[in-house]
Every structure is written in C-alpha cells, then in structure tokens.
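The primary structure of each chain is shown beneath.
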Amino acid sequence: MNRDANLDRRIWALAWPLLLSNATAPLLGLVDTAVVGHLSSPVFLAAVALGGNVFMFLYFSFNFLRMGTTGFTSQARGAGDNTLVVLLRALLLSVAIGVALILLQPVLRELSLWLLGGSAEVQALARDYINLRILGAPAALANFALIGFAIGMHNTRVPLKMTLLMHSSNALLDVLLVQVWHFDVRGVAAASSAAEYIGLAGGLFWLRRHIFGEAWRALPRHLLLQAAPMIRLMAVNRDIFLRTVALLTVFFFFAAQGARLGDTILAANAVLITFLLLLSNTLDGFANAAEALVGDALGRGRTTELHQAVRRTGLWTLIVAAIALIGFALGGVPLIHLLSDLSAIRDTATHYLPWMLLLPLTASAGFWLDGVFVGATLAREMRNTMLVATLLFFPVWWLTRPLDNHGLWLAMNIWMASRGLLMAWVWRRRAM
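Residues numbered from 1 in each chain as written. Predicted model: local features only at pLDDT ≥ 70, side-chain atom pairs only at ≥ 80, totals over all residues. Heavy atoms only, no water.

- Under an unreviewed UniProt entry, the name given to the protein chain is MATE efflux family protein, and the organism recorded is Alcanivorax xiamenensis.

## A few points about the overall build of the protein chain
- Counting its secondary structure elements, the protein chain contains 18 helices and zero strands.
- Since a compact globule built from 432 residues should have a radius of gyration of about 22 Å, the 21 Å found for the protein chain is in line with a globular shape.
- For the protein chain, the proportion of its 432 residues judged to be buried stands at 58%.
- Residue pairs at least 24 apart in sequence account for 86% of intrachain contacts in the protein chain once pairs closer than 6 positions are excluded.
- By element, 68% of the accessible surface of the protein chain is carried by carbon and sulfur atoms, the whole surface being about 17,800 Å². (Helix = DSSP H or I, 4+ residues; strand = E, 2+ residues; numbered from the N terminus. Rg over C-alpha atoms; globule rule 2.2 N^0.38 Å. Buried < 20%, exposed > 50% of the residue type's maximum accessible area, 1.4 Å probe, protein only. Contact = heavy atoms within 4.5 Å. Areas by Shrake-Rupley, 256 points an atom, 1.4 Å probe, with all protein chains shown as cover.)

## Topic: the nonpolar core
- Counting residues in each nonpolar core, the largest one holds 136 residues, and the members touching the most others are Phe251 and Trp415.
- Among the elements that line this core, the one with the most residues is helix α13 (residues 263-300), at 18 residues.
- Beyond its immediate sequence surroundings of up to four residues, Phe251 is in contact with Asn53, Met56, Ile273, Leu276, Met412, Trp415 and Met416. (Core = buried A, V, L, I, M, F, W, Y, C linked by side-chain atoms within 4.5 Å.)

## Considerations on the packing of helix α7 (residues 137-152) against helix α8 (residues 157-180)
- It is at 8 Å that the axes of α7 and α8 come closest, and there the two elements cross at 150°. Regarding the angle of α7 to α8, the classification is roughly antiparallel. Here Asn143, Leu146, Ile147, Ala150 and Ile151 of α7 come into contact with α8, specifically with Val158, Pro159, Met162 and Met166. (Axes fitted to C-alpha atoms, helices over the stretch in contact; angles between N-to-C directions. Parallel < 35°, antiparallel > 145°, perpendicular 65-115°, else oblique.)

## Things to note about unusual backbone geometry
- Even without being a glycine, His154 presents a positive backbone phi close to 65°.
- Along the chain, the position of His154 falls in the loop between α7 and α8.
- For Asp404, which is not a glycine, the phi torsion comes out positive at approximately 55°.
- In this structure, Asp404 sits in the loop between α17 (379-399) and α18 (405-431).
- Exposure remark for Asp404: the relative accessible area of 45% places this residue in the partly exposed category.

## With respect to the packing of aromatic side chains
- Applying the stated criterion across every chain yields a total of 19 aromatic pairs.
- Where Phe253 meets Trp397, the ring centres are 4.8 Å apart and the plane angle is 90°; that geometry is what we call edge-to-face. You can see Phe253 sitting in helix α12 (residues 227-260) and its partner Trp397 sitting in helix α17, a full 144 residues away along the chain. One exposure class covers both Phe253 and Trp397, and it is buried.
- With a centroid separation of 6.1 Å and 45° between ring planes, the pair formed by Phe373 and Trp427 is classed as tilted. Here Phe373, found in helix α16 (residues 354-375), pairs with Trp427, found in helix α18; they are 54 residues apart in sequence, far enough to count as distant.
- Take Phe373: its relative accessible area is 0%, and that puts it in the buried class.
- A residue is classified by how much of its surface remains accessible, and Trp427, at 13% relative accessible area, is buried. (Phe/Tyr/Trp six-rings, centres within 6.5 Å; stacked < 30°, edge-to-face > 60°.)

## So, helix α14 (residues 303-339)
- Compared with the 54 Å implied by 1.5 Å per residue over 37 residues, the 46 Å span of α14 between its first and last C-alpha is markedly short.
- The axis of α14 is deflected most strongly, by about 60°, at Gly331, and proline Pro334 appears within four residues downstream. (Expected span 1.5 Å × (residues − 1). Bend = angle between axes of the 7 residues up to and from the residue.)

## Side note on α16
- Look at α16: 34 Å from first C-alpha to last across 22 residues, which is about the 32 Å you get at 1.5 Å a residue.
- Of all the bends in α16, the greatest, near 45°, is centred on Ala363.
- Among the 22 residues that make up α16, 17 are buried, leaving the element largely enclosed by the rest of the structure.
- Looking one or two places after α16, you find Thr377, whose phi comes out positive at around 50°.

## Considering the environment of Phe367
- Inspection of the secondary structure assignment puts Phe367 in helix α16.
- Excluding anything up to four places from it in sequence, Phe367 contacts Leu276, Leu279, Ser280, Leu283, Asp284, Ala287, Met416 and Arg419.

## Observations concerning the pattern of salt bridges
- According to the stated counting rule, one finds eleven salt bridges in the structure shown.
- Asp239 is paired through a salt bridge with Arg383; the nearest N and O atoms lie 2.8 Å apart. Taken together, the residues Asp239 in helix α12 and Arg383 in helix α17 connect sequence positions 144 residues apart.
- Note on Asp239: relative accessible area 6%, which makes it buried.
- Taking the shortest distance from any N to any O, the salt bridge between Arg243 and Asp370 comes out at 2.7 Å. Of this pair, Arg243 sits in helix α12 while Asp370 sits in helix α16, and the two are 127 residues apart along the sequence. Neither Arg243 nor Asp370 differs from the other in exposure class; each is buried.
- It is possible to trace a salt-bridge network through shared partners that takes in Arg77, Asp296 and Arg300. (Salt bridge = Lys/Arg side-chain N within 4 Å of Asp/Glu carboxyl O.)

## Things to note about the side chain of Thr362
- Looking at where Thr362 falls in the secondary structure, it is placed in helix α16.
- With residues up to four places along the chain from it excluded, the contact list for Thr362 reads Asn413, Met416 and Ala417.

## Structural notes on a positive patch on the surface
- Taken together, the side chains of Arg157, Lys161, Arg208 and Arg209 define a basic patch exposed on the protein surface.
- Of all the secondary structure elements, the ones that give two or more residues to the positive patch are α8 and α10 (208-212).
- Its place among the elements puts Arg209 in helix α10.
- In this structure Arg209 comes out as exposed when scored by relative accessible area, which is 73%. (Patch = residues over 30% accessible without salt bridge, like charges linked within 9 Å, V, L, I, M, F, W, Y side chains within 5 Å. Lys, Arg positive; Asp, Glu negative; His and termini not counted. Charge placed at Lys NZ, Arg CZ, Asp CG, Glu CD.)

Rendered as structure tokens:
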C-alpha cells in the first residue's frame, strides 16, 4: 500500500503540471473558436476549422519530435547517460523540418484544401490562414523537442510554463488582431505563429540549466556525429511518424466529410471536437507521466517498477475518464453556447452532443497506452496497432454513410475503442 501511495505521489508530481499545461490547449481552441464564432458569418469559423485541421495534420505528423525525445531522454536519464545529446539531435531535426514545410507550403496548402473541400468562400479564407500560420513551423516543431526533453527529465513544470506563455500570448493576440484590428482569420493565424516563437524563447530560458549546465560541459561532442544512435532515433521517429500520420488521416478525413455535409456541419463538428481535445489533453497528463516513469524504469532495468507505473497510471486514467463523462453530460450544452452564438451551429452541435458522452469510454485506453508505449519506445507496435485501427475505420464509415454525421461520429468512436483494445492486447502479450 505504501509503495502504491508513493508511486501515486510521483505520478501526480509529474502529472499535475502536464494536466494544467494540456488543459490550456483546448482553452486556446475555445478562444479561437469564440473569437471567430462571434463574427458575422459561420464561414469564418468554418475557415479556421479547415485551416486548423491542415496544421493539426502537418504539425502532429511530426509529434515524434516530442514523443521520441521523451522516450529516449527518460531512458538515458535512468541509465545515467548524457541526455543533452538527445535534445540537440531533436532540435536540429525540428528546425530542418520546419524550414522544409515553409518552402513546400504552396504545394501542401493546395493539396490540403483540395482534399478537405468546403465552399469557395471558406477555402479562400482558409488559404489566407495557412499562408500566415506556416511561418511558425520551425518554432512549433522545436517546441515539441523541448517539451519532450523536459518530460523525459521529469521536469514537467517547464511544459506548463511554455504552454501558458504560448497560449496566453496567443489568446491576447487573437483578441487584438481579430476583435480590435479586424483581421478575421488572418489575425488568428498570425497570433498562432507569433506565439510559437514566444514559447520557444521561454522554453530555452527555463531549460537553460539542463542545456548549458553540467550536461553541456560533459557533452561528448563526437556522439552527435555518430551514425548508429541517429539511425536508431530516426527508426523510432519513422514509426511514430507513420502512426501519427494514420491517426491524423482519420481526423483529416473526418473534417473533409463534415465539410461535404455543409458549412454548418463543419462548424458544428469543430465545436464538438473541442470535447475530444478537452478529454485527450486531460488524460495526456497521466500518459506523459507514464512516459517518464516507464522510460526511467526501463533505463534502470527495474521490471517491477515498470509494471507498477503502468498499473497506477492506468487506474488514474480510468478515474479521470469517469469524471469527464459526468462533466460532458452536465456541461455539454453550456459549453456549446459558450463557443458560438450562432443558432444554427448551436442547434446542430447540441443534436450530435450524445456522441461526446461515449468518448471517455471509447478513447481513454488509447491515450493512456500511448504513454506506456512511448516510454518503452515501442514505436513499431504503436505504428502497427494504429494502422490496423485506421483500416477498420474506413469500412465502418462506409457502412454508416446513410447516417450522415451520426455515422461519422459512430465510426470515430469505434476507431478510438479499437485502438485501445489492440494496444492493450499487444502490451499484455509483451508483459507476459
């Protein structure tokens, strides 16, 4: 009992800053949605939803820069190796990818808008959004690496400070650029890009002791040029990348099908996706704690501690999911009304609200096991389970097409549940 209590305290010491940090992400989405949702036409909200989905796909496709960095950093920390090498490799890769995204922006923009669809007016506004938002790519990806490094070092207060800085500055710029200076969707995009660089500056400042302290003085410079560790890093990152692409393909396809059902459905689904963001960003606090604890236990070679970390983080995930279910049931309609004062969007989102009540039941296991697999650097297994679940999503959607948007949300919930079940099966086989 004492061992579990001590582990619970460690979990919460790691998780509470991440819970607060992750909570600010959907709150920023609330600000974006509320600022644009109160403009004169739903096309502005639909355009931000469309453009936002493009960047969700682009940026989160490279979320391996966060996840891979956490796994390797936590294992290096547990083994007593120099962790700064992991961060420097991740930062170098981040900047290179960010610059490449800016250079490829015209192609990526037109391909994305062609796939997503939407009315001509919505696409024109989304094009303006993408043109400005892409300029923040190098900083956005470098922030992934810094946050992953901080979690792996068990310094979870740094991600909290970074996200609070980014999202508060983003929200302030949203209000100034949209409500005061009337830049509509261009203001939202410019605010997001500027906030990424502000967050990067803050992260480098708060991690200065880890970066420029003893680890820098003891840094074996030759390790940065060794091929084998970089190849292993790229192999893990490749598998996480493919897993993330499969995940975001589902969200991208979901948004595209919503757009084809009309601007009002697209905007209403953008409001409802906020519920999923609230859930995922809350549960990710315990998933991130699992990453740090599982990786550290593996680095130390302590199997008992590994299984204890998995069990206790899973228990806390279950408890928080139950609380989320109650919160969605009681606060769903008020949240929808907070996000938009357009009656068509409010009524449509409320009509599909019952699907949100299923999300805590269907999605929680997948979020938790993501953290376990990242800490254990089981990237290939993450990739394979995600690919199987994604292949299941499309036949389910095809069969439920007569249900229109109800069918979309049904397919989404089945996809979430299948992902968690597959990962649980894989982990059980490896643990035994």
